[in-house]
Amino acid sequence: LNNELGFICALYNKLHELGEVKYSNPLGTVKPLKVEQRELSWLTIPEIEHLVSKTDESPNPHLSMATKVCLSIGSRWGEAERLRASQVRSGVITLSNTKSGKVRSIPISSEFEATLRNHFQRYGDLAATLKGFRVALRKSDIQLPRGQASHVLRHTFAAHFVMRGGN
């Protein structure tokens, strides 16, 4: 509801700015609902290794690689599952069509770049599914707060990045 309220308010504000409506935003005084923050979780090194081993068991070879991409660069699942070979070059993964609409370039190690190139040569561009990831997560018996699933990979990247001194 808060997202829809924000969208409608932005629409009214733009219409008013363009002179399409002469009255002020009728929803301008409506306050967003207070929502309790959801618990965020991240995986330990042993949990990462266990989860990756479960994705390795999938008949879809892209599943494990998409998981490793998320863990390596902090991407969202959708960004990883659509990764193409052309987005990887010179030690950088460049993501476009992101949630924010911005293009992001993230450095990767030469070893991970070689692993990705090998994967692309053998199997083509990534084509993993969120459903496949959820199956592997269920098989791992890792317990996460409701609504986490693949997003835990993004949180895991961030947590380990900061623990290693990243800002």
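Residues numbered from 1 in each chain as written. Predicted model: local features only at pLDDT ≥ 70, side-chain atom pairs only at ≥ 80, totals over all residues. Heavy atoms only, no water.

Chemist: Any chance you could explain the overall build of the protein chain here in plain terms?
Modeler: Each helix and strand counted, the protein chain has 7 helices and 3 strands in total. Along the protein chain, helices (α) and strands (β) appear in the sequence α-α-α-α-β-β-β-α-α-α when read from the amino end. Its C-alpha radius of gyration of 20 Å places the protein chain more than 25% over the 15 Å reference for a compact globule of 167 residues. Judged by the C-alpha coordinates and their principal axes, the protein chain covers about 60 × 35 × 35 Å. Sequence-distant contacts, at least 24 apart, represent 59% of the contacts inside the protein chain between residues at least 6 apart. Summed over its atoms, the accessible surface of the protein chain is roughly 11000 Å², and 53% of this surface lies on carbon and sulfur atoms. Considering the protein chain, the positive charge centre built from 23 side chains and the negative charge centre built from 15 side chains are found 4 Å apart. (Helix = DSSP H or I, 4+ residues; strand = E, 2+ residues; numbered from the N terminus. Rg over C-alpha atoms; globule rule 2.2 N^0.38 Å. Contact = heavy atoms within 4.5 Å. Areas by Shrake-Rupley, 256 points an atom, 1.4 Å probe, with all protein chains shown as cover. Lys, Arg positive; Asp, Glu negative; His and termini not counted. Charge placed at Lys NZ, Arg CZ, Asp CG, Glu CD.)

Chemist: Teacher, can you tell me more about the pattern of salt bridges here?
Modeler: When the charged atoms of two side chains with opposite charge come close together, those side chains can pair. Applying the stated criterion to the full structure yields 5 salt bridges. The partner of K54 in a salt bridge is E57, and the shortest N-O contact between them spans 3.7 Å. The exposure class of K54 is buried, given its relative accessible area of 19%. Across the pair E79 and R76 runs a salt bridge whose closest N-O atoms are separated by 3.5 Å. We classify E79 as buried; its relative accessible area is 5%. Classification of R76 as partly exposed rests on a relative accessible area of 23%. In the salt-bridge network here, residues are joined through shared partners; they are R76, E79 and R104. (Salt bridge = Lys/Arg side-chain N within 4 Å of Asp/Glu carboxyl O. Buried < 20%, exposed > 50% of the residue type's maximum accessible area, 1.4 Å probe, protein only.)

Chemist: Would you mind showing me how to read the nonpolar core here?
Modeler: Soluble globular proteins: nonpolar side chains tend toward being buried together. Ranked by size, the top nonpolar core spans 31 residues in total, and within it V69, W77, L83, I93, L116 and L153 carry the most contacts. Looking at this core element by element, the count peaks at 7 residues for helix α3 (residues 61-73). (Core = buried A, V, L, I, M, F, W, Y, C linked by side-chain atoms within 4.5 Å.)

Chemist: What is the right way to look at the layout of surface pockets in this model?
Modeler: The method is simple in principle: a probe with the dimensions of a water molecule rolls over the atoms, and the space it marks as empty is what remains. Computed from the structure, the largest pocket encloses a volume of approximately 200 Å³. Considering the residues around the largest pocket, the lining is formed by R134, L137, R138, D141, I142, Q143, L144, P145, R146, G147, Q148 and A149. Residues belonging to the lining of the largest pocket are distributed by class as follows: 5 nonpolar, 3 polar and 4 charged. (1 Å grid on protein atoms, 1.4 Å probe; cavity = no way out; pocket = protein on both sides within 12 Å on 5 of 7 lines; lining within 4 Å. Points joined across faces, edges and corners; volume = space filled by probe spheres on them. Nonpolar A, V, L, I, M, F, W, Y, C, P; charged D, E, K, R; others polar.)

By themselves these figures say nothing about function.
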